[in-house]
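Chains, contacts and geometry: an overview
What follows is the residue order along each chain.
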There are 2 protein chains.
Amino acid sequence: MNISDVARRAGLPAKTIRYYEEIGLVRPGRSANGYRAFSETDLHKLNFLGRARALGFGIEDCRKLLALWEDTERASADVRRLATEHLARIDDKIAQLESMRETLGALIRDCAGDARPDCPILRDLSGGTGDRARATVRE
Amino acid sequence: MNISDVARRAGLPAKTIRYYEEIGLVRPGRSANGYRAFSETDLHKLNFLGRARALGFGIEDCRKLLALWEDTERASADVRRLATEHLARIDDKIAQLESMRETLGALIRDCAGDARPDCPILRDLSGGTGDRARATVRE
DNA sequence: GATAGGGCTTCCAGTTACTGGAAGGTCAAG
DNA sequence: CTTGACCTTCCAGTAACTGGAAGCCCTATC
């Protein structure tokens with residue numbers, strides 16, 4: 001299979017697949033003309049990567065998951081731990097975003113949104129009145 | 001004020017403040033010795049930026065908000081629109097993360113997490129059974 | 001006056017996970 | 001033979017910093 005075939009079948013851009021090769025996540029063979037030659041196993045790996053990435057796993061997590069996936073002796077506890085840690089990160093992000101949403105929603109509700117220059121959003125951001133903003137945290 | 005003073009009072013790392021100068025968000029003066037000399041207005045701007053960033057506004061949004069903040073003639077509707085768009089982005093991200101959380105949570109619940117090699121998480125990622133993963137979207 | 005410490009400066013590189021584009025080789029069809 | 005689609009590599013850019021090196025400046029102490 002050439003790269004555009006796997007790209008279509010894995011639902012990933014060709015550029016991304018080349019990148020995955022560059023960082024060692026897949027190692028397709030090469031045809032005589034220099035084109036990458038992908039096996040069914042490569043395709044399967046790319047599908048795996050696509051799914052894991054869609055779940056928000058980072059590249060290094062994907063590398064570990066892929067190694068676990070290829071290791072038939074591994075314990076499911078290893079995978080579970082990776083997944084659980086990742087779930088905790090997701091929960092953190094959700095909590096942060098919800099805090100942002102709450103603050104920003106309150107500011108928007110208080111803002112007339114008309115042609116007058118007085119704006120509670122800017123007033124709050126500039127630190128004049130309350131300290132609603134700043135409740136949130138950086139990632 | 002030297003940079004470490006504003007850094008402390010604005011709650012931002014000095015590195016970040018230099019970066020904000022580099023991209024034109026603040027323009028502190030310079031002392032004879034070449035040190036940055038920050039005014040109270042600069043400090044106020046940096047506080048503003050810190051709050052807006054904590055709400056998840058991107059740098060370019062911050063630039064616009066800062067311009068609106070300095071423009072006493074602006075309409076509050078302009079600010080409200082920026083904030084509302086940003087709120088929509090936040091809602092999107094939350095929805096995506098919640099979808100991920102749901103899928104990943106279900107996978108973790110099904111996984112024994114013991115020493116046996118059989119693992120439903122990897123089975124799902126490898127595309128064997130259902131198509132639970134892939135429901136989610138990239139940012 | 002010399003020195004030590006901390007603070008300040010600039011510049012360069014690295015982070016995440018790609019994405020866009022240029023320059024050029026390859027292949028199948030007409 | 002030419003056209004067009006496909007493939008290759010390499011370089012640069014994205015967001016928003018962060019870390020580190022090399023070197024100047026200022027103050028205090030001996």
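Above this text is the structure in question.
Now for a quick tour of the structure. (Residues numbered from 1 in each chain as written. Chains lettered and ligands numbered in written order. Predicted model: local features only at pLDDT ≥ 70, side-chain atom pairs only at ≥ 80, totals over all residues. Heavy atoms only, no water.)

**Some remarks on helix H1 (residues 3-10) of chain B**
Residues and elements named next belong to chain B. Heads up, the rule is: Only protein chains enter the accessibility calculation, which uses a 1.4 Å probe. A residue is then buried if its area is under 20% of the maximum for its type, exposed if over 50%, and partly exposed in between. Secondary structure elements are defined from DSSP: runs of H or I of at least 4 residues count as helices, runs of E of at least 2 residues count as strands, and each element is numbered from the N terminus. Picture the helix axis, draw a direction to every C-beta atom, and the arc is the one those directions span. Residues are treated as being in contact if the distance between any of their heavy atoms lies within 4.5 Å.
Of the residues making up H1, those classed as buried are Ile3, Val6, Ala7 and Ala10. Within H1, the buried residues cover an arc of 105° as seen down the axis, which keeps them to one side. Those residues of H1 that are buried lie in contact with helix H2 (14-22), strand S2 (36-37) and helix H3 (40-54). A positive backbone phi angle near 70° is found at glycine 11, which sits one or two residues after H1.

**Section: the packing of aromatic side chains**
Note the cut-off: Each pair of aromatic rings taken from Phe, Tyr and Trp, with Trp reduced to its six-membered ring, is defined by centres within 6.5 Å and is described as stacked if the planes are under 30 degrees apart, edge-to-face if over 60, and tilted in the remaining cases.
Counted by the stated rule, this structure contains four aromatic pairs over all chains. Aromatic pair tyrosine 19 of chain A and tyrosine 20 of chain A: ring centres 6.1 Å apart, planes at 45°, arrangement tilted. Taking the centre distance of 5.0 Å and the plane angle of 25° together, the rings of phenylalanine 48 of chain B and tryptophan 69 of chain B count as stacked. Within this pair, whereas phenylalanine 48 of chain B is found in helix H3, its partner tryptophan 69 of chain B is found in helix H4 (residues 59-70), the two being separated by 21 residues in sequence. Taking the relative accessible area as the measure of exposure, phenylalanine 48 of chain B reaches 0% and is therefore buried.

**Topic: the protein's contact with DNA strand D**
Rules: Consider each residue's heavy atoms; a residue with any of them within 4 Å of a molecule or strand counts as near. We call two N or O atoms a polar contact when they sit within 3.5 Å, provided that within protein one can donate a hydrogen and the other can accept it, with sequence-adjacent residues counted only if both atoms are side-chain atoms. The nonpolar class holds Ala, Val, Leu, Ile, Met, Phe, Trp, Tyr, Cys and Pro. Asp, Glu, Lys and Arg form the charged class, and all remaining residues, Gly among them, are polar.
Around DNA strand D sit 19 residues in total, of which Ser4 and Arg36 of chain A together with Lys15, Tyr20 and Arg53 of chain B are the nearest. The sugar-phosphate portion of DNA strand D accounts for 68% of its atoms within 4 Å of the protein, the bases making up the rest. Contact distances for DNA strand D include 3.2 Å between a phosphate oxygen and a side-chain N or O atom of arginine 30 of chain A. Here the surface near DNA strand D takes four residues from H2 of chain B, the largest share from any one element. Along the lines of polarity and charge, the residues of the surface near DNA strand D split into seven nonpolar, six polar and six charged.

**Side note on the relation of the copies chain A and chain B**
What counts is decided by this rule: Only residues with pLDDT of at least 70 in both copies contribute their C-alpha atoms to the least-squares superposition of the copies.
Aligned on chain B, chain A shows an RMSD of 0.0 Å; the corresponding rotation is 180° and the shift along the axis is 0.0 Å. The superposition of one copy onto the other is thereby described by a two-fold rotation axis. Taking C-alpha positions as the reference, the residue of chain A nearest the rotation axis is isoleucine 94 of chain A, at 2.9 Å. Interface overlap between copies is the fraction of interface residues in one copy that are interface residues in the other; for chain A against chain B it reaches 100%, indicating a shared surface.

**Observations concerning the environment of serine 31 of chain A**
Relative to the assigned elements, serine 31 of chain A resides in the loop between strand S1 (29-30) and strand S2 (36-37). Along the sequence, serine 31 of chain A and methionine 1 of chain A sit 30 residues apart, while their C-alpha atoms lie 9.8 Å from each other.

**Focus on the packing of H4 of chain B against helix H5 (residues 76-110) of chain B**
Residue and element names in this part refer to chain B. Here is the rule: Structural elements are reduced to axes, namely lines fitted to C-alpha atoms, with helices fitted over the stretch in contact, and the angle between N-to-C directions of any two is expressed from 0 to 180 degrees. In what follows, roughly perpendicular refers to angles from 65 to 115 degrees, roughly parallel to angles under 35, roughly antiparallel to angles over 145, and oblique to any angle outside these ranges. Should the near helix be turned counterclockwise from the far one by less than a right angle, the crossing is left-handed, whereas a clockwise turn marks it as right-handed.
Packing of H4 against H5 leaves a shortest axis separation of 10 Å and a crossing angle of 160°. Put simply, H4 runs roughly antiparallel to H5. Here the hand of the crossing between H4 and H5 comes out left-handed. Facing Asp61, Lys64, Leu65 and Leu68 of H4, the residues of H5 in contact are Asp78, Val79, Leu82 and Arg89. Counted by class, the contact of H4 with H5 contains four nonpolar, no polar and four charged residues.

**So, the pattern of salt bridges**
The condition that has to hold: For salt bridges, the criterion is a side-chain nitrogen of Lys or Arg within 4 Å of an Asp or Glu carboxyl oxygen.
Applying the stated criterion across every chain yields a total of 20 salt bridges over all chains. Note that arginine 101 of chain A and aspartate 91 of chain B form a salt bridge whose closest N and O atoms lie 2.8 Å from each other. One end of the pair, arginine 101 of chain A, is in helix H5 (residues 76-110); the other, aspartate 91 of chain B, is in helix H5, on a second chain. By relative accessible area, aspartate 91 of chain B is classed as partly exposed at 30%. Residues arginine 30 of chain B and glutamate 21 of chain B are paired through a salt bridge, measuring 3.4 Å at the closest nitrogen-oxygen approach. Judged by its relative accessible area of 19%, glutamate 21 of chain B is buried.

**Description of the interface of chain A and chain B**
Our working definition: Note: buried area is the sum, over both parts, of the accessible area (probe 1.4 Å) each one loses when the two are combined.
Listed as interface residues are 60 residues of chain A and, on the opposing side, 61 residues of chain B. Where chain A abuts chain B, roughly 5,200 Å² becomes buried across the two surfaces, and 66% of that area is made up of carbon and sulfur atoms. The tally of links from chain A across to chain B stands at two salt bridges. The tally of links between chain A and chain B comes to seven residue pairs in polar contact (both at pLDDT 80 or more). Those elements giving two or more residues to the side of chain A that touches chain B turn out to be helix H3 (40-54), helix H4 (59-70), H5 and helix H6 (120-125) of chain A. Looking at the side of chain A that touches chain B element by element, the count peaks at 21 residues for H5 of chain A. Of the residues belonging to the side of chain A that touches chain B, the class tally is 31 nonpolar, 15 polar and 14 charged.

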